[in-house]
Amino acid sequence: MAESDKVFAGSIPKFYDTLMVPLIFEAYAADLAELVAASSPGSVLETAAGSGVVTRALAPKLSADARYVVTDLNQPMLDYAATRQGSDSRIEWRQADALDLPFEDASFDVVCCQFGAMFFPDRVAGYAEARRVLRPGGRFVFNVWDRIEENAFADDVTNAVAAVFPHDPPRFLARTPHGYHDVALIREELSRAGFTDIEIETHEKVSRASSARDVATAYCQGTPLRNEIEARDASLLQLATDRATEAIASRRGEGPVAGKIQAHVIVAAG
């Protein structure tokens, strides 16, 4: 993973939340919130919370006396998430590294993480940290994207932007968000971290947007793909967005548009 893959700053958090979240994250966040809330946990830790889409879905489902600690490595994303949540005395916002959690052993009933494990520099260490802070019987609930070819818009955008930079194509989407899809590897790394009860399901959904332009803007300007484009030539950001728009429109229409998305949902315990 490139260092720029972890940078969610500047205008990225706003574009991410207003465009990316409804495009691909909200439906999976609702499912994750249901899974977490199913056991009526008294304490929940969320890692890699991003702009807070799971937080907004999960908080209303927790009991009035629940403790909910929401963390992210990127302070700008966490700050943005807090502004979107509204006042809630149960929620503690805290900048934290999922690989080095600042919490005591056996502190939480559930640890959850939506589409964050792909960004861990050492996933086994991150999983071991989640297990360390879980109480006996606790659950680690998370999801990761399937391969990019199973996620239509991400694939369209990656191919379109590659044509703008044929000698050095930006590969953020394929490399990181969609780079950790091997179910056998996920299971093996969780086992190495100490988990003994591992359930993995693959869920297909449909991604929808009002226009091809919204999809292209979301990916090109609301994710670290923007960092890769600007590192090559900042003046070509709009051209890359235009080319991605054209590619999506040619395959799926000008809008409203729809495309397949697919992810693995994992519950680990033991």
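Residues numbered from 1 in each chain as written. Predicted model: local features only at pLDDT ≥ 70, side-chain atom pairs only at ≥ 80, totals over all residues. Heavy atoms only, no water.

1. Regarding the packing of helix H8 (residues 212–221) against helix H9 (residues 225–233)
Okay, step 1: Relative to each other, H8 and H9 sit at 75 degrees, their axes nearing to 6 Å. Taken together, the axes of H8 and H9 are roughly perpendicular relative to one another. Contacts between H8 and H9 involve Tyr 219, Cys 220 and Gln 221 from the former and Leu 225, Arg 226 and Ile 229 from the latter.
Okay, step 2: Among the residues forming the contact of H8 with H9, the class breakdown is 4 nonpolar, 1 polar and 1 charged. (Axes fitted to C-alpha atoms, helices over the stretch in contact; angles between N-to-C directions. Helix = DSSP H or I, 4+ residues; strand = E, 2+ residues; numbered from the N terminus. Parallel < 35°, antiparallel > 145°, perpendicular 65-115°, else oblique. Contact = heavy atoms within 4.5 Å. Nonpolar A, V, L, I, M, F, W, Y, C, P; charged D, E, K, R; others polar.)

2. Some details on the nonpolar core
Burial of nonpolar side chains together is a common tendency in soluble globular proteins.
Okay, step 1: Leu 58, Phe 140, Phe 142, Leu 190 and Tyr 219 are the most contacted members of the largest nonpolar core, which totals 90 residues.
Okay, step 2: Ranked by residues supplied to this core, first place goes to helix H1 (residues 12–37) with 13 residues.
Okay, step 3: Not counting residues up to four positions away in its chain, the partners in contact with Phe 140 are Val 111, Cys 113, Tyr 127, Ala 130, Leu 134, Leu 190, Phe 195, Ile 266, Val 267 and Ala 268. (Core = buried A, V, L, I, M, F, W, Y, C linked by side-chain atoms within 4.5 Å. Buried < 20%, exposed > 50% of the residue type's maximum accessible area, 1.4 Å probe, protein only.)

3. Focus: the pairing of strand S5 (residues 134–145)
Okay, step 1: For S5, a buried count of 9 out of 12 residues is recorded, marking the element as mostly surrounded by other parts of the structure.
Okay, step 2: Pairing of strand S4 (residues 108–114) with S5, which is carried by 6 bridges, proceeds in the parallel orientation. Within S5, the residue paired with Gln 114 across the bridge is Asn 143.
Okay, step 3: With helix H4 (residues 123–133) bridging S4 and its parallel neighbour S5, the resulting β-α-β unit is right-handed.
Okay, step 4: Bridge analysis of S5 against strand S7 (residues 257–269) gives 7 bridges, and the strand direction is antiparallel. Among the inter-strand pairings, Arg 139 is bridged to a residue of S7, identified as Ala 269. (Pairing = 2+ DSSP bridges. Right-handed = clockwise from strand over helix to strand, strands pointing away.)

4. Description of the sheet that holds S7
Okay, step 1: As summarised here, the arrangement of the 7 strands in space is S3-S2-S1-S4-S5-S7-S6, forming an open sheet in which the pairing is mixed. Both outer strands of the open sheet, strand S3 (91–95) and strand S6 (197–209), are each paired with one neighbouring strand and no more. Shown here is a sheet whose adjacent strand axes are inclined to one another by a mean of 20 degrees, direction ignored.
Okay, step 2: Across the face of the sheet, helix H7 (residues 183–192) comes into contact with S5, S6 and S7 while running at roughly 135 degrees to S6.

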